[in-house]
Amino acid sequence: NPASKLFTLTSFNPAKMQFKDMPAEYGNINYMVNQQDSLFVIQSSRCSSVPVNRNLITTASNDQSLIAATKVLGTERYYAGEYGCDDNPESVCVVGPNVYFASKSSKEVYKFNPSTGLDVISNKGMKSFFRDLFKSAENDEGVIKVVGGYDPIKDEFILSVYNQPSVQY
């Protein structure tokens, strides 16, 4: 109510169920990307799509039907495979509809596109390079940082893997 004297934009009413729990076995939520009618959610070890203001019902024959929803966030749909950004949200880079990210424990780099799904781009002739890159970072001292970026001139996803010395107080 814009005429009200109470400021309610920052209020949280748990009775209205204004939240969504994601399965804890897939780790923390590291990144969320708006995909117009859904959210692409990257957890530590899995990725999912969460419909917004709608819900999808899947039949046994894998046909999907759109139904009206009373909840803001619908039931999540997980993508096959254990692909996540391994608690390195700084590796995520969004370029148009594409989302690039990396996992240090899997030693892989991924690309997500809403129309084509998840793709392991490090397996396309670069598997041993990324395996060696992440292994060398594991052997060094400090916290492994995986930082992603994008070069619009060369249309390239840039990945930096390094060790940040741990600070002791």
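Residues numbered from 1 in each chain as written. Predicted model: local features only at pLDDT ≥ 70, side-chain atom pairs only at ≥ 80, totals over all residues. Heavy atoms only, no water.

**A few points about the pairing of strand β10 (residues 117-120)**
(1) Moving on: Pairing of strand β9 (residues 108-113) with β10, which is carried by four bridges, proceeds in the antiparallel orientation. Paired with F112 across the bridge in β10 is L118.
(2) Moving on: The antiparallel hairpin formed by β9 and β10 contains three residues in its connecting segment. (Pairing = 2+ DSSP bridges. Helix = DSSP H or I, 4+ residues; strand = E, 2+ residues; numbered from the N terminus.)

**A look at the pattern of salt bridges**
(1) Moving on: Enumeration over the complete set of coordinates arrives at three salt bridges.
(2) Moving on: The partner of E138 in a salt bridge is K107, with the nearest N and O atoms 3.1 Å apart. Pair noted here: E138 is in helix α1 (residues 127-139) and K107 is in the loop between β8 (98-103) and β9, with a separation of 31 residues, a long-range link.
(3) Moving on: The exposure class assigned to E138 is partly exposed, which follows from its relative accessible area of 41%.
(4) Moving on: You can call K107 buried: its relative accessible area is 16%. (Salt bridge = Lys/Arg side-chain N within 4 Å of Asp/Glu carboxyl O. Buried < 20%, exposed > 50% of the residue type's maximum accessible area, 1.4 Å probe, protein only.)

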